[in-house]
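Structural overview
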Amino acid sequence: MTGLLASSRAARLGGLAVLIGALAFALVPLVAPTYQVSIFTEILIFAVLAMAVDILAGYTGRTPLCHGAIFGVATYVTIYWHTNVSEHLVLAMAAGVVAATLVAAVFALLAIRTSGVYFLLLTLALGMIVWGVCLRWTAVTGGENGLRGSLRPGAIADHVHFYYVVFAVAAVVAFAMWRFVRSSFGLTLRGIRDSESRMRALGYNVSLHLFVAFTVSGFFAGIAGALYALFNEFASPSTVALSQSVEGLLMAVAGGIGTLFGAFIGAGVVIGLENFASLYTERWMSVLGLMFVLTMIFAPEGILGRVRDLLSRGRH
Amino acid sequence: MGGWAFHILNGLTFAALLFIVASGFTLIFGLLRIVNLAHGALYLAGGYIGYTVAATLGAGFFLGCIAAMASVALAGFVLDQGLLRFVRGFELRQVLLTLGVAFIINDMLLVVFGGDTFTMPAPAILRGAININGLFYPKYRLFVLGLGVVMFILLWLLLYKTRLGALIRAGVDDREMIEAMGINIRRIFLLTFMLGSAFAGLGGAVGGAFLTLYPSADAEILVFSLAVVIIGGCGSLVGAAVGAVMVGLLNSIGQVMFPEFAYFVIFGPMALILAFRPLGLFGRAA
């Protein structure tokens, strides 16, 4: 009984934190200058990517290293579609998301039979293949020069207007993901994370669940990628590179694996540090690497994970 | 016909290089259960160091290779003792930590060596081509092929025919027992880690002569090595050899037939193999 009370109190606390966070993000453009607004736009976009990573890493127990590539596929396809197929923006973004989802589905077919380190290695290799294709398939991807497009129509050309569009999308998508991980399907995913053999014994089709989880996660990463196409209006091999996947994973880890909305904190910390570091040094890759090393040694459960740990320890 | 023989030889020599690099990777994984994603970065570091010693300092190819092996083995020592000791026992954290290390090493190499392309100078006796039944083939690449084969034999002998190899294999299965026998297993594992790293360094120096060295070479060799160990099965020496031959041949055939999708040609067979054997051809469950 006390456990139930405590968990409902934790839920209320969590709900309150989410509300305050959403309010803070909603108020950003009123207080921050233009340049900072675009940084916050980026934070929102990458938080969506980090949440998509967390669906797999936190709720399914499979740590992926290919989500930057899936994200980037959506960016590439959105820009390509807009420049070469149709000027209709929503269609272009939809094409990007569909492409990302399809890529994720193919990756899922290959990766779901593996777990742990094998899963990580395989997804890393798969993501690198996307990078290789973007680099070499010059006729379509522009090779090293990448693809450029001017996607944002007049109505959202303004930083603040665009910010609110991204904010609205991120809010809807975050809610959808939250529903997803809390649905009965999400619960079975957590069951698989904790004990695959038990779920199998209970009669669940583990492979199918993993496939769906991976594909759904890729779909959300694709939404982030399509938004990024609007934000950046440029895609190059570095958009699909390993560093992008690593950044996405670092955001999820820093926010706290298995704390969906921690992604916003993780994305804020990583992008904030990126912008702060770039004031002093061009060695962003080193900073990113160092953050990864230090996180793994000192805070593998992430910022929110730490807080949650302390809270639950306080109760006992 | 001569054309195909040429492409097959290209595939096999590339396979030999991949084996040199991937055997180090798989040795570390198989015995220590550490997936060292900094392996590609160590390859590139070895290449640059080998180039510096061989070309800039003018000490020649073989000294360059030795310098590359020694310094990268030292880097392996620092990585193992300085960082990995803090996350021992957590597989995923170890992997991600080495990934962070890879980013740092690459970035630092970019600072020191810039974005230029370097070619490791081949030794004088290995320059030029040799005539095999009317097919002229570079001597150097045949040397790499030979080196790969010799390394496979030596490693196999080390692991399966020496006391040290027996200790290493026993230590993997039952660490406490080996320690109870008064043997310092940590030191053996550290040596293995350094040896595996040294192979990455050697690969960089040897590969630097025909693949050339440039900032993203580490990622390319890492993904090829991953394909090798994923196909062959992580931790298996024979698997690394078979995987390397497959990836090497597929890559060279792919480059001839579908130049823009060379990466893709490896991916299809890899998928097929994984569909039937998720742990690779020679992999066993941990």
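Here the structure is shown first, and the text comes after it.
Presented here is a report on the structure given in the accompanying data block. (Residues numbered from 1 in each chain as written. Chains lettered and ligands numbered in written order. Predicted model: local features only at pLDDT ≥ 70, side-chain atom pairs only at ≥ 80, totals over all residues. Heavy atoms only, no water.)

Section: helix 13 (residues 284-298) of chain A
- Taking 1.5 Å per residue, 15 residues should reach 21 Å; helix 13 of chain A reaches 21 Å between its end C-alpha atoms and fits that length.
- Burial analysis of helix 13 of chain A places 11 of its 15 residues in the buried class, which makes it a mostly covered element.
- Three or more residues of helix 13 of chain A are buried, namely Trp284, Ser286, Val287, Leu288, Gly289, Met291, Phe292, Val293, Thr295, Met296 and Ile297 of chain A.
- Tucked inside the fold, the buried residues of helix 13 of chain A contact helix 11 (242-255) and helix 12 (262-280) of chain A together with helix 3 (61-83) and helix 4 (91-113) of chain B. (Helix = DSSP H or I, 4+ residues; strand = E, 2+ residues; numbered from the N terminus. Expected span 1.5 Å × (residues − 1). Buried < 20%, exposed > 50% of the residue type's maximum accessible area, 1.4 Å probe, protein only. Contact = heavy atoms within 4.5 Å.)

Side note on the pattern of salt bridges
- Within this structure, the stated rule accounts for six salt bridges over all chains.
- Here aspartate 194 of chain A ties to arginine 193 of chain A by a salt bridge, and the two come within 3.2 Å at their closest N and O atoms.
- With its nearest N and O atoms 3.7 Å apart, the salt bridge here joins arginine 88 of chain B to aspartate 80 of chain B.
- For arginine 88 of chain B, a relative accessible area of 28% gives the class partly exposed.
- Accessibility expressed as a relative area gives 0% for aspartate 80 of chain B, which makes it buried. (Salt bridge = Lys/Arg side-chain N within 4 Å of Asp/Glu carboxyl O.)

Some points on the nonpolar core
- If you look at the biggest cluster of nonpolar residues, it comprises 202 residues, and the most contacted ones within it are Leu121 and Phe214 of chain A together with Leu37, Tyr140 and Leu226 of chain B.
- Beyond its immediate sequence surroundings of up to four residues, leucine 37 of chain B is in contact with Leu65, Leu120, Leu121 and Leu124 of chain A together with Val95, Thr98, Leu99, Ala102 and Leu222 of chain B. (Core = buried A, V, L, I, M, F, W, Y, C linked by side-chain atoms within 4.5 Å.)

Description of unusual backbone geometry
Residues and elements named next belong to chain A.
- In this structure, glutamate 233 takes a positive phi of about 55 degrees despite not being glycine.
- Structurally, glutamate 233 can be placed in the loop between helix 10 (206-232) and strand 2 (234-235).
- Of the residues examined, glutamate 233 reaches a relative accessible area of 22% and is grouped as partly exposed.

Digging into the packing of aromatic side chains
- Applying the stated criterion across every chain yields a total of 29 aromatic pairs over all chains.
- On the numbers, 5.9 Å between centres and 35 degrees between planes, the contact of phenylalanine 175 of chain A with tryptophan 178 of chain A is tilted. Highlighted residues: phenylalanine 175 of chain A and tryptophan 178 of chain A, both in helix 7 (residues 159-182), separated by three residues, approximately one helical turn.
- On the basis of relative accessible area, phenylalanine 175 of chain A is assigned to the partly exposed category, the value being 49%.
- Their ring planes at 90 degrees and their centres at 6.3 Å tell us that phenylalanine 62 of chain B and phenylalanine 143 of chain B sit as a pair that is edge-to-face. With phenylalanine 62 of chain B in helix 3 and phenylalanine 143 of chain B in helix 5 (residues 139-161), the pair connects residues that are 81 residues apart, well separated along the chain.
- Among the aromatic residues, ring-to-ring pairing joins Phe61, Phe62, Tyr140, Phe143 and Phe210 of chain B into one connected group. (Phe/Tyr/Trp six-rings, centres within 6.5 Å; stacked < 30°, edge-to-face > 60°.)

Some remarks on the interface of chain B and chain A
- Contact residues are listed per partner, giving 44 residues for chain B and 40 residues for chain A.
- Applying the counting criterion to the chain B and chain A interface returns one salt bridge.
- A salt bridge links arginine 283 of chain A to aspartate 107 of chain B; its shortest N-O distance comes to 3.0 Å.
- Across the chain B-chain A interface, the total number found is three residue pairs in polar contact (both at pLDDT 80 or more).
- Mapped onto the side of chain B that touches chain A, the elements with two or more residues apiece are helix 1 (2-32), helix 4, helix 9 (217-232) and helix 11 (262-276) of chain B.
- Looking at which element gives the most residues to the side of chain B that touches chain A, the answer is helix 4 of chain B, with 15 residues.
- A per-class count over the side of chain B that touches chain A returns 35 nonpolar, two polar and seven charged. (Polar contact = N/O pair within 3.5 Å; in protein donor to acceptor, adjacent residues only side chain to side chain. Nonpolar A, V, L, I, M, F, W, Y, C, P; charged D, E, K, R; others polar.)

Quick notes on the pairing of strand 2 (residues 135-138) of chain B
All names here are of chain B.
- Of the two faces of strand 2, the one lined by Leu135 and Tyr137 is fully buried and the one lined by Phe136 and Pro138 carries no buried residue.
- Inspection of the sheet shows strand 1 (residues 129-132) paired to strand 2 by four bridges, in the antiparallel sense. When the sheet's bridge partners are listed, alanine 129 is paired in strand 2 with proline 138. (Pairing = 2+ DSSP bridges.)

Quick word on the packing of helix 13 of chain A against helix 4 of chain B
- Across the interface, helix 13 of chain A lies against helix 4 of chain B with an axial gap of 8 Å and an inter-helix angle of 155 degrees. Here helix 4 of chain B runs roughly antiparallel to helix 13 of chain A, going by the angle between their axes. In the packing of helix 13 of chain A onto helix 4 of chain B, the handedness of the crossing is left-handed. Side by side, helix 13 of chain A and helix 4 of chain B meet where Trp284, Met285, Ser286, Leu288, Gly289, Leu290, Phe292, Val293, Met296 and Ile297 of chain A of the first sit next to Arg93, Leu96, Leu97, Gly100, Val101, Phe103, Ile104, Asp107 and Met108 of chain B of the second. (Axes fitted to C-alpha atoms, helices over the stretch in contact; angles between N-to-C directions. Parallel < 35°, antiparallel > 145°, perpendicular 65-115°, else oblique. Left-handed = near helix turned anticlockwise from the far one by under 90°.)

A look at the packing of helix 5 of chain B against helix 10 (residues 237-257) of chain B
Residue and element names in this part refer to chain B.
- One way to put it is that helix 5 packs onto helix 10 with a least axis distance of 10 Å and a crossing angle of 165 degrees. Between helix 5 and helix 10, the angle falls in the class roughly antiparallel. As for the relative orientation of helix 5 and helix 10, their crossing is left-handed in sense. Listed contacts from helix 10 to Phe152, Leu155, Trp156 and Leu159 of helix 5 are Leu237, Val238 and Ala241.
- Taken together, the residues of the contact of helix 5 with helix 10 sort by class into seven nonpolar, no polar and no charged.

Re the side chain of serine 252 of chain B
- Within the element layout of this structure, serine 252 of chain B appears in helix 10.
- Serine 252 of chain B has contacts with His7, Asn10 and Gly11 of chain B, leaving out every residue within four places of it along the chain.

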